Amino acid sequence: MMIGERIFTFKGKEQIIISPLLKDLKNTFTYEFWIKPSASHQIDCEAVRGSSGIRGQRYVVFPGNTRLVNEAGIGISVGYNGISVYEHSVNHLPATLVHRVSIINWTHIAVIYKNKIPSLYINGEFVKKGLASAKETLYASAVFGGAGYGYFKGELRELKIWSYARTPAEIKEEMNKSLTGSEAGLYIYNELKNNRIDGTRKNIETILNKYPVFIKENMDLLYRWGIVNQNPGLDLQDININSSSILETCTFQNEWYLSDVLFMFGCYRKDYELLLFPVANRLAEKDLSVNVLIHDKSSPNLSMLSKKVNVLYYDQLSRGYNTHNEANKYFSSKMLTDIDKFGHEMRLNSSQVKRLKVFYQQYAFDKLFTTKLLEKLRPKCIYGIHFIINPGCIHAIKVAKFPIFCFLIQHGLISVKSTDTHDFKGADQVFLWGDFFESLLMKKVNAPYIKVIGNPKIEQIKLDLIANSDWLSNEKLTKNNAPLKILYILNASPNQKYSGQNLSLFLKSITQIKNIEVIYKLHPNTSLDDCKRYIEQGLIKQSQIMRDVNIYDLIKNADIIVGDFSTSMFESAALNKPVIQIYQSNYPEEFLKFTYATTSKELTTTINRLKRDQKYLNDLMEDQQKNLFNLFHDIDGSSERIAAYIDTLIRSDKE
């Protein structure tokens, strides 16, 4: 052993966490370390599928979970009876390299990944090659000591991770050398040498308790946006601070309150206005004082607001409050020092530090703006979309002088994974569209109070279009040999893998269908540039692509709606249009709610049958209707139910 060399002792519960996944290191990289295990581990069979690594292991490197089916993180388990290399993703934790060997004294191990194939060297000598991964991408992991599937016991020193596949000569020549840390290709070395196994990396709560509440209360969002690397041993329930108000204890009998309800978007899109404006109108009709904070003065939906509703303009208020200057001062004087210390202690890279500061600059702006707004209006309730991209709003609402009850309404689909965070942080009550979404949200950590209420947006769209009775009927799709009009709705950029796969299937299927017109509706977060290669290849004409248009006009004018899964697909079914989902096992099966096709041939056949077979069309529409209640409850009356619920809450304190 070299003088001054650091030895880490693991007793079966310690961790050193640098990052669950090193996204810079994929498919080709090298691990080297000296090790002296003090316990055996389970020997599994080599495989490229399965989940054998969930028990009995001693992970000196714990495999990070990518949570994507085509990617995996790798890990290394070592006991005094052998070495195993694992890879980890969704329902996937097999051993791709297993070697039985007795390890009693200090032993040098090198695991080299080259093009997704692991090779094992012991004391500088090649031992064996493992199995090639079936995944498209493998990432190196940097959680040392293990986690829930098994902790390492023993001693470790001189751990290095290289960004390339080391040669046998390099391994043998340098295995007994201590490095400076500046060697070419050396990705992790000093980061580990300078860490403390029993200190900050072991227990993140120890870190958080040193800092103001604005750090701790937003850790879930810092993880969510990838600003801070997720700690696999951290229970978000311990740090996710929700609003403490409860419906039964909320009281508004105080002269501090000046108004009844403030409508705030948090996350703004023009179509989200239809989730707020109809409810605002109905509350105003009940003689409550209602304020609506408007983000876009040019929105065509503004004309629908009742004259009884007080309209406030975001830009005008922020200038009047001098929010930008005040927020910059607040950020610099009250937050920056703690943010810099936190970033250093969490060992964030330069990109993460920059994003951390941007996050809290926005936090400072939202906090000061919302605080001034609440002081001006003093509302009893707030009704909005969500504030997860405006966390300063959450804090301002929570620390208001008197309780402000926060209602949030569902604005889109909810992730089916119980481990994924939800969008309703800070809500005292969440209005959901239907029972299906309630079943998903109730599985989440810190699930909020829930009321299934319906969808006011779809209700309003139906009211606006109900005069067109032909549109809401199930007569033949086309008349007088007119072309069949198909609307294809993209849920993501066509450059994203699953979205591109489904679009390609659709493009192949329509080559076999005569007399059709196709319109492609882009997701609001994508652009025409995302379709460039499809246009250049002549697969789609630029004139067919729509982005900044009212999707409900497109739905109205279409005969058939095709896509994979999105809010718009579900809304199209609710608006009485035949919907076909493309499903290639590349999105959660729980979102498969309507007639679907898994191949281009199936999709071609389904579209042609809808054109020619009235009974098939009627049966398809009947099946759609059966699913709609589970998704959207009772659509008619949604706005009134929400308004009545809020009105009852407020008036119960007046009477």
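The structure under discussion appears in the preceding block.
Residues numbered from 1 in each chain as written. Predicted model: local features only at pLDDT ≥ 70, side-chain atom pairs only at ≥ 80, totals over all residues. Heavy atoms only, no water.

1. With respect to the overall build of the protein chain
Then, number 1: Within the protein chain, the secondary structure is distributed over 19 helices and 28 strands.
Then, number 2: The globule rule puts the C-alpha radius of gyration for 655 residues at 26 Å, and the 29 Å found for the protein chain is close to it.
Then, number 3: Projected onto the principal axes, the alpha-carbon positions of the protein chain cover approximately 85 × 70 × 40 Å.
Then, number 4: Buried positions account for 55% of the 655 residues belonging to the protein chain.
Then, number 5: Intrachain contacts of the protein chain at a sequence separation of at least 6 include 70% that bridge at least 24 residues.
Then, number 6: As displayed, the protein chain has an accessible area near 28300 Å², and 47% of this comes from carbon and sulfur atoms.
Then, number 7: Of note, the protein chain has its 81 positive side-chain charges centred 3 Å away from the centre of its 69 negative side-chain charges. (Helix = DSSP H or I, 4+ residues; strand = E, 2+ residues; numbered from the N terminus. Rg over C-alpha atoms; globule rule 2.2 N^0.38 Å. Buried < 20%, exposed > 50% of the residue type's maximum accessible area, 1.4 Å probe, protein only. Contact = heavy atoms within 4.5 Å. Areas by Shrake-Rupley, 256 points an atom, 1.4 Å probe, with all protein chains shown as cover. Lys, Arg positive; Asp, Glu negative; His and termini not counted. Charge placed at Lys NZ, Arg CZ, Asp CG, Glu CD.)

2. Things to note about the side chain of Thr66
Then, number 1: By the element assignment, Thr66 lies in the loop between strand 4 (59–62) and strand 5 (71–79).
Then, number 2: Separated by 2.7 Å, the side chain of Thr66 and the backbone oxygen of Glu71 make a polar contact.
Then, number 3: The contacts of Thr66, once residues within four sequence positions are left out, are Leu21, Glu71, Ala72, Gly73, His88, Ser89 and Tyr139. (Polar contact = N/O pair within 3.5 Å; in protein donor to acceptor, adjacent residues only side chain to side chain.)

3. Section: the pairing of strand 8 (residues 107–114)
A regular strand places its side chains on the two faces of the sheet in alternate fashion.
Then, number 1: With seven of eight residues buried, strand 8 lies mostly within the body of the structure.
Then, number 2: Turn length for the strand 8-strand 9 (residues 117–122) hairpin, with the two strands adjacent in sequence and antiparallel, is two residues, and the turn residue Asn115 shows positive phi of about 55°. (Pairing = 2+ DSSP bridges.)

4. Some details on unusual backbone geometry
Then, number 1: Of note in the backbone geometry, Lys116 takes a positive phi value of approximately 75° without being a glycine.
Then, number 2: Checked against the element boundaries, Lys116 lands in the loop between strand 8 and strand 9.
Then, number 3: A positive phi is found at Asn515, a non-glycine position, where the angle reads about 55°.
Then, number 4: Tracing the backbone through its elements, the reader meets Asn515 in the loop between helix 13 (497–510) and strand 24 (516–521).

5. Things to note about helix 10 (residues 391–398)
Then, number 1: A large share of helix 10 lies buried, amounting to seven of its eight residues.
Then, number 2: The set of residues buried in helix 10 consists of Pro391, Gly392, Cys393, Ile394, His395, Ala396 and Ile397.
Then, number 3: Against helix 4 (213–216), helix 5 (219–224), strand 16 (259–264), helix 9 (350–377) and strand 19 (379–384) lie the buried residues of helix 10.

6. So, the pairing of strand 21 (residues 429–432)
Then, number 1: In strand 21, alternate side chains face the same way, and those of Gln429 and Phe431 on one face and Val430 and Leu432 on the other are all buried.
Then, number 2: Bridge count between strand 20 (residues 405–409) and strand 21: three bridges; the pairing is parallel. The residue of strand 21 that forms the bridge with Phe407 is Gln429.
Then, number 3: Examined bridge by bridge, strand 21 and strand 22 (residues 450–452) share three bridges and lie parallel to one another.

7. With respect to the sheet that holds strand 26 (residues 560–563)
Then, number 1: An order of 25-24-23-26-27-28 is seen for the six strands of this open sheet, with the pairing classed as parallel. Of all the strands in the sheet, the pair left with one neighbour each is strand 25 (545–546) and strand 28 (596–597).
Then, number 2: Strand direction decides the pairing type here: strand 24 and strand 25, joined by two bridges, are parallel. Bridge pairing links Tyr520 to Ile545 in strand 25.
Then, number 3: Along the sheet face, helix 13 touches strand 23 (484–489), strand 24, strand 26 and strand 27 (579–582) and points at about 170° away from the line of strand 24. (Axes fitted to C-alpha atoms, helices over the stretch in contact; angles between N-to-C directions.)

8. Notes on the pattern of salt bridges
Then, number 1: This structure, assessed with the given rule, holds 24 salt bridges.
Then, number 2: In the salt-bridge network here, residues are joined through shared partners; they are Glu32, Arg166, Glu170 and Glu174. (Salt bridge = Lys/Arg side-chain N within 4 Å of Asp/Glu carboxyl O.)

9. Observations concerning the nonpolar core
Note that soluble globular proteins tend to have their nonpolar side chains buried in a common cluster.
Then, number 1: Counting residues in hydrophobic clusters, the biggest one holds 121 residues, and the most contacted among them are Phe263, Phe342, Tyr360, Leu373, Tyr383 and Ile646.
Then, number 2: Counting residues per element, this core draws most heavily on helix 9, at 10 residues.
Then, number 3: When neighbours within four sequence positions are excluded, Tyr360 is seen to be in contact with Phe214, Ile215, Asn218, Leu222, Phe331, Met335 and Ile339.
Then, number 4: One finds Phe10, Val78, Ala142 and Leu159 within the second-largest nonpolar core, a separate group that totals 34 residues. (Core = buried A, V, L, I, M, F, W, Y, C linked by side-chain atoms within 4.5 Å.)

10. Describing the environment of Arg58
Then, number 1: Mapped onto the secondary structure, Arg58 falls in the loop between strand 3 (29–37) and strand 4.
Then, number 2: In this structure the C-alpha to C-alpha distance between Arg58 and Lys286, which are 228 residues apart in sequence, comes to 64 Å.
Then, number 3: The contacts of Arg58, once residues within four sequence positions are left out, are Ala39, Ser40, His41, Ile76, Ser77, Val78, Tyr151, Phe152 and Lys153.
Then, number 4: At 3.3 Å, the side chain of Arg58 and the backbone oxygen of Ser40 are in polar contact.

11. Considering the packing of aromatic side chains
To describe a pair of aromatic rings, one takes the distance between the centres and the angle between the planes.
Then, number 1: Under the definition given, this model contains 41 aromatic pairs.
Then, number 2: Where Phe407 meets Phe431, the ring centres are 5.2 Å apart and the plane angle is 10°; that geometry is what we call stacked. Of this pair, Phe407 sits in strand 20 while Phe431 sits in strand 21, and the two are 24 residues apart along the sequence.
Then, number 3: With a relative accessible area of 0%, Phe431 lands in the buried category. (Phe/Tyr/Trp six-rings, centres within 6.5 Å; stacked < 30°, edge-to-face > 60°.)

Treat this as a map of the structure, not an account of what it does.
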